[in-house]
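Per-entry structural report
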Amino acid sequence: MMTRAQHLVLTREAPAEEPSRPAPVRPYARLRRHRRWLVPLLAALLLAQMAAAMVTTAVQQTPTIDEPVYVATATDYLREHRIRYNPEHPPLGKLLIAAGVAVADPHYDPSYTGTQGDVGRHLLYESGNDPWRVMFWSRLPVIVLTLLFGLVAFAFARELTGTAGGLLTLALYAFSPDLIAHGSLATLDVPMAGFVLTSAWLVWRARRRPLPYLPLAGAALGAAVATKMSALPAVPVLMGLATLSVLTASRGPQAPPGRPDTDTDLGPRVPPTDAPGTDTGQERQYPPGSPHTSADRGPQAPPGDVHTGTGRRPLVPPGRPDVGTGRGRQLLSALAGAVVEHRRKALPTLPATADTHHHTPLPTLPRPAGGRGRKALSALAGAGIVLVVAVGVVWAAYLAVDPRLRFTPAEPVPVLHGLRGRLVDLLPVPGAYRAGMRVQFGLEYQPWQGYLFGHLYTGALWYYLPAALLVKTPLGLLALGAAGAVTVVALRRLRPAAPYLLLPPGVLLAAAMTGSRDFGTRYALFVPVFLAVAAACVPRTGRRWTAAATAVLVLCTAASSARTFPYYLPYSNEAFGGPANTHRLLHDSNVDWGQDLGRLADRLRQRYPGERVWLVYKGSGVPSYYGIHAADPRTVPPDRVHGLLVVSDSALAKARGRLAELVESSRPAGAVGHSISLFRR
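Residues numbered from 1 in each chain as written. Predicted model: local features only at pLDDT ≥ 70, side-chain atom pairs only at ≥ 80, totals over all residues. Heavy atoms only, no water.

What follows concerns the overall build of the protein chain. The secondary structure content of the protein chain amounts to 24 helices and eight strands. Residues counted as buried form 48% of the 681 residues belonging to the protein chain. Here the analysis covers contacts within the protein chain between residues at least 6 apart in sequence; of these, 75% occur between residues at least 24 apart. Summed over all atoms, the accessible surface of the protein chain reaches about 32600 Å², with 62% contributed by carbon and sulfur. (Helix = DSSP H or I, 4+ residues; strand = E, 2+ residues; numbered from the N terminus. Buried < 20%, exposed > 50% of the residue type's maximum accessible area, 1.4 Å probe, protein only. Contact = heavy atoms within 4.5 Å. Areas by Shrake-Rupley, 256 points an atom, 1.4 Å probe, with all protein chains shown as cover.)

Written out as structure tokens, the structure is:
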């Protein structure tokens, strides 16, 4: 003991023999000192540019095909408090849109009869309302919700990998053209994807504290299901993840996955305590002036506030030493040695026998009876909490519209037979929800046309959505998201997060691929959302090339997004020719959803005043309202069509017969918003 004391005294006094060297200046030290305000500032800047892009897009675009239906239904909710239009989509998303409709306060005629599309057109163009004003206020709640979901993505990634990972995720989310395009519309696709992400994040947080987070996860899941029925496949997935979270929590405090472990390849590997050259209770000696000495180390972080080059690591759970540092391993070794010594002294001395290979079994503590059963019941209870709360949110959404739950559909609801019909009847949801599911299944039975890579077909292609996502997702987000998905499975410290990041979007994508409507990536917007979170797992401490490559790919994503401004809906990445070439590869909401009718009116007024215009338009807008006076060229013989031929790109993709002949015999004269083509005849 005296020898050890002398050794420590000599070690501490050794630097006094010569003056210590000044501590080396660490890179980014100044940024770290301002970390408290720098991170919120960067997050605010990213969200501000996304907000500016969405607001600009919302102001300039005319109503898309689905928007008038949702706006009219939301108005009917506000004024008549009934479930009458659009039963195929639950009311929660339209109730959010109704918050903006209430501000716009449009004139509404509840006695008007017609289909849901007719009611939407009547509200916007035939009731004395300003469609620009009504649409802007209707889109604003979805814009705000999209920004809030960006904060959820940031929080999810930050818990997994630290602050730098959260900012990386937020940057990819904020620059995603698909999220900007659909987040600026009064539609339901982004809200559904965001609610699923929120539920997955809250279920992940339930690994530490199940009781407060599982009900919140159920509420977010119920919000997704009460927004779009296509979120239903996520219900059993998130219930299973809730079970996993409860089982994990029952094992006691666990190391957070974002914290480097000693047996991973993230940073230098810490050798075992009994390895040669490893400290075993003594302070390691370093040359004077080395940055490892206590005099030159600089200010030390408080316990549990460990920093890496990628940002703040999550706090170590109470009661668990920090085994990722030398001091932590010394403390762990000392505690383990003390426990072993205490147990050795407490055990009775065994009598010596001739046969030293047979010993009396050591006494063990009795295992509590039914321990596994209680854990299983707790896990099932956690899944049940998620399900019950989710179903309760669905009921609450319908009760918010009409407390008496009246359902008077404006259009007939198809009858559903067979197994699907029996399963729908068993669901513990309001009758209007079950009727909406019958409408959805009825739509699935119709023969829809699709268009992919220049090929027009009837029916559905199982690979349509993956192919469309490959075209519509920025290359940087694709690369980082794919690498992050591989990393979260490959690295042991991140592997616990793999089910929470990969299963919800994987199951939802697989379910969407079985659908019969190949209309666009809006049916799979949850994929870029979860890819952005997974991308945070790519940068690795101690490997600067991963950080540099990540930064380059983020900048490429930002540049690609800026190039398409403000035409985000027809975006395609550089590998497929950019926005100007998207109409040759895809159609419908991927390119032309009727959003550029107002821009077409401006073009005709500025460049072609007084010319004869022939128009084939696909959308919900009314051309005459915007000052476009045109005739349909398909109603007259081809030799009478002279002047300017204007064709929506979705109609151009499906052009057959007379329209195809007219286009082939015309010469191109430009385009409007990458969604409407102009021809001269």
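Here we come to the pattern of salt bridges. Under the defined criterion, the tally for this structure stands at 17 salt bridges. Residues Asp425 and Arg438 are paired through a salt bridge, measuring 2.6 Å at the closest nitrogen-oxygen approach. With a gap of 13 residues between them, Asp425 in helix 15 (residues 418–426) and Arg438 in helix 16 (residues 431–444) connect regions that are remote in the sequence. Overall, Asp425 belongs to the partly exposed group, its relative accessible area being 46%. One salt bridge in this structure joins Asp632 and Arg634, with 3.1 Å as the shortest N-O distance. When its relative accessible area of 25% is taken as the criterion, Asp632 is described as partly exposed. Overlapping salt bridges, with partners in common, bring together Asp66, Asp189, Lys228 and Arg522 in one network. (Salt bridge = Lys/Arg side-chain N within 4 Å of Asp/Glu carboxyl O.)

For the rest of this paragraph, the subject is the pairing of strand 5 (residues 613–616). The side chains of a regular strand alternate between the sheet's two faces. The alternating pattern of strand 5 places Val613 and Leu615 on one face and Trp614 and Val616 on the opposite face, and all of these are buried. Bridge count for strand 5 against strand 6 (residues 644–648) is four bridges, and the pairing is parallel. In the sheet register, Trp614 faces strand 6, and the bridge partner there is Leu645. (Pairing = 2+ DSSP bridges.)

Turning to the confidence of the model for the protein chain, a few remarks are in order. On average, the protein chain scores 83 in pLDDT, and the residues at 70 or more come to 77%. Per-element averaging of pLDDT across the protein chain places strand 1 (residues 307–308) at the bottom with 40 and helix 10 (residues 189–205) at the top with 98. Confidence drops under a pLDDT of 50 for residues 1–16, and excluding neighbours within four residues, the segment shows eight contacts in the predicted structure. (pLDDT = per-residue confidence, 0-100.)

A few words now on unusual backbone geometry. Pro566 follows Phe565 through a cis peptide bond whose omega is -5°. Tracing the backbone shows Pro566 in the loop between helix 21 (544–564) and helix 22 (597–607). Phi is positive for Asp105, which is not a glycine, with a value near 50°. Checked against the element boundaries, Asp105 lands in the loop between helix 5 (92–104) and helix 6 (116–125).

Next up on the list: the packing of aromatic side chains. Both the distance between ring centres and the angle between the ring planes are used here to describe each pair of aromatic rings. Per the stated rule, a full pass over the model turns up twelve aromatic pairs. Between Tyr125 and Tyr625, the aromatic rings sit 5.3 Å apart at their centres with planes inclined by 65°, giving edge-to-face as the arrangement. Here Tyr625 lies in the loop between strand 5 and strand 6 and Tyr125 lies in helix 6, a separation of 500 residues in the sequence. Within the aromatic cluster, the residues linked to one another by ring pairs are Tyr125, Trp132, Tyr625 and Tyr626. Sitting above the plane of the Trp614 ring, Arg612 keeps its charged end 4.2 Å from the centroid. (Phe/Tyr/Trp six-rings, centres within 6.5 Å; stacked < 30°, edge-to-face > 60°. Lys NZ or Arg CZ within 6 Å of the ring centre and 35° of its normal.)

Bringing the environment of Leu501 into the picture now. Note that Leu501 resides in helix 19 (residues 498–513). With 13 residues separating them in the primary sequence, Leu501 and Val488 have C-alpha atoms 8.6 Å apart. Beyond its immediate sequence surroundings of up to four residues, Leu501 is in contact with Phe156, Leu160, Val488, Phe530, Val533, Ala534 and Cys537.

The sheet built from four strands is open, its strands ordered 5-6-8-7 with mixed pairing. In this open sheet, the two edge strands, each paired with only one partner strand, are strand 5 and strand 7 (667–672). Averaged over all pairs of adjacent strands, the angle between their axes in this sheet comes to 20°, without regard to strand direction. Pairing geometry for strand 7 and strand 8 (residues 676–680), over five bridges, is antiparallel. When the sheet's bridge partners are listed, Val672 is paired in strand 8 with Ile676. Contacting strand 5, strand 6, strand 7 and strand 8, helix 22 crosses the sheet at an angle of about 125° to strand 7. (Axes fitted to C-alpha atoms, helices over the stretch in contact; angles between N-to-C directions.)

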